[in-house]
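Coordinate inspection notes
Here is what each chain is made of, one letter per residue.
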Amino acid sequence: MEPRYGRNSVNLIVNVKQIMSIHYFEFKSDFSFPGETHNYWELVYIDRGKAIVTSGEDRYSLSTGEIVFHSPNRLHAIASDPTDPPTVFIITFYCPSEGMKYFENKRLNVPTPLRKYISEMISDGQEAYFLADDSPYERELVKRADGLIGSEQLIKLNLEMLLIKLIRSATLPKIEDTRNKNYDKLTLQIIDILTNKVYGRIKIDSIAQELGFSRTYISSVFKDNCGKSITRYFSDLKISEAKYLIRKEIYTISQISDFLCFDNPHYFCRVFKRETGMTPKQYADSVSYPDKYAKKT
């Protein structure tokens, strides 16, 4: 028997049928992949740095916060910009929905509020699968037996949310949401200060004084918005920057420690291992990849 109120079916703008692969990869400066085609969609997002992307006959630089969609069966390739090696999120998926026509070979800047969906996909991807860390291609997804329940479904849902929100942002008139406006602005101001001081030191009291709020208030707002304390966020920024500098293969560990204002290289290595689970040297080895992915000179 048909449900009494079941005749009003849901209009699915995009409906992802299958996740083919997920990668979150930190490219070294000489990384280069020659190209491939496949019969499903590919989304490439630059989390940090710059990449040189080829899509069909088009070739362009993609920077932090930008995203590109490769349509099914379109030849595409990617390489590091050696001046600013990127951290890249790549997800491939099968989605035959009509709404995907909007994304055909589309290059977009992802609005800051929508980047949370990418962060969630990265997090749930690591929970659901054993992700390859030596190349952004190859290898089928291998499920984790110990992954959190629902991780695979959350990847699909966050991907669909991102796609729908991107379509909306381009097709709907901009309506300013004044709810929590100051709240969000304050958090962004704090993040700007922390980012600008990543090569220095911070004092939370000084940040509070600069912004005209109490230490307690800015700490509470930041924790509610970001899920971590200001000092922990700042530490994460420094380690992220350290990883970036290591991948450039220009500086010694002592130099990087000094650049980022750690008390000494030993303390830097200790913090790095605490945050990443490996020493700086082990990290440098972990982001190495077979010679076939290095640019030919």
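This text gives an overview of the structure that appears in the document. (Residues numbered from 1 in each chain as written. Predicted model: local features only at pLDDT ≥ 70, side-chain atom pairs only at ≥ 80, totals over all residues. Heavy atoms only, no water.)

**Section: the overall build of the protein**
Helix and strand content of the protein: nine helices and eleven strands. In the protein, which comprises 297 residues, the share counted as buried stands at 42%. Element-wise, carbon and sulfur atoms account for 50% of the exposed surface of the protein, whose accessible area totals about 17000 Å². (Helix = DSSP H or I, 4+ residues; strand = E, 2+ residues; numbered from the N terminus. Buried < 20%, exposed > 50% of the residue type's maximum accessible area, 1.4 Å probe, protein only. Areas by Shrake-Rupley, 256 points an atom, 1.4 Å probe, with all protein chains shown as cover.)

**Structural notes on a nonpolar patch on the surface**
Together, Tyr199, Ile250, Tyr251 and Phe259 make up an exposed nonpolar region whose accessible area comes to about 370 Å². Tracing the chain through its elements places tyrosine 199 in the loop between helix H3 (181–196) and helix H4 (204–211). Looking at tyrosine 199, the relative accessible area reads 39%, which means it is partly exposed. (Patch = residues over 30% accessible without salt bridge, like charges linked within 9 Å, V, L, I, M, F, W, Y side chains within 5 Å. Salt bridge = Lys/Arg side-chain N within 4 Å of Asp/Glu carboxyl O.)

**Points about the packing of helix H6 (residues 230–248) against helix H8 (residues 265–276)**
Following both chains from N to C, one finds H6 and H8 inclined at 100 degrees, their axes separated by 10 Å at the closest point. Comparing the axis directions of H6 and H8 gives the class roughly perpendicular. Contacts from Arg232, Ser235, Asp236, Ile239, Ala242, Lys243 and Ile246 in H6 reach Phe268, Val271, Phe272, Arg274, Glu275 and Thr276 in H8. Taken together, the residues that form the contact of H6 with H8 break down as six nonpolar, two polar and five charged. (Axes fitted to C-alpha atoms, helices over the stretch in contact; angles between N-to-C directions. Parallel < 35°, antiparallel > 145°, perpendicular 65-115°, else oblique. Contact = heavy atoms within 4.5 Å. Nonpolar A, V, L, I, M, F, W, Y, C, P; charged D, E, K, R; others polar.)

**A short note on the pairing of strand S4 (residues 50–55)**
Regular strands place side chains that alternate from one sheet face to the opposite one. Among the six residues of S4, five are classified as buried, and the element is accordingly described as predominantly covered. Pairing geometry for S4 and strand S5 (residues 58–63), over six bridges, is antiparallel. The residue bridging valine 53 from the neighbouring strand is tyrosine 60, located in S5. The turn joining S4 and S5, which pair antiparallel and follow one another in sequence, is formed by two residues; a positive phi near 65 degrees is taken by glycine 56. Pairing geometry for S4 and strand S7 (residues 76–80), over five bridges, is antiparallel. (Pairing = 2+ DSSP bridges.)

**Considerations on helix H1 (residues 115–128)**
End to end, H1 covers 20 Å across 14 residues, agreeing with the expected 20 Å (1.5 Å per residue, within 8%). All buried positions along H1 are accounted for by Tyr117, Ile118, Met121, Ile122, Asp124, Gly125 and Ala128. (Expected span 1.5 Å × (residues − 1).)

**What about the pattern of salt bridges?**
On inspection of all chains with the given rule, the structure shows 15 salt bridges. Measuring nitrogen to oxygen at the nearest pair gives 2.8 Å for the salt bridge that ties lysine 28 to glutamate 249. Of the two residues, lysine 28 sits in the loop between strand S1 (18–26) and strand S2 (32–36) while glutamate 249 sits in the loop between H6 and helix H7 (253–259), which places them 221 residues apart along the sequence. Since its relative accessible area comes to 10%, lysine 28 is described here as buried. Judged by relative accessible area, glutamate 249 falls into the partly exposed class, the value being 48%. Residue lysine 156 is joined to glutamate 160 by a salt bridge in which the shortest nitrogen-to-oxygen separation is 2.6 Å. Of the two residues, lysine 156 and glutamate 160 are both situated in helix H2 (residues 151–171); the distance of four residues between them amounts to about one turn of the helix. Under the relative-accessibility criterion, lysine 156 is labelled partly exposed at 23%. Ionic contacts of the salt-bridge type, sharing partners, join the residues Lys228, Arg232, Asp236, Arg274 and Glu275 into one network.

**Regarding the sheet that holds S7**
Spatial ordering of the open sheet is given by S2-S7-S4-S5, a layout of four strands whose pairing is antiparallel. If you trace the sheet from one side to the other, it starts and ends with S2 and S5, each paired once. Between one strand and the next, the sheet's axes are offset by a mean angle of 15 degrees, whatever the strand orientation.

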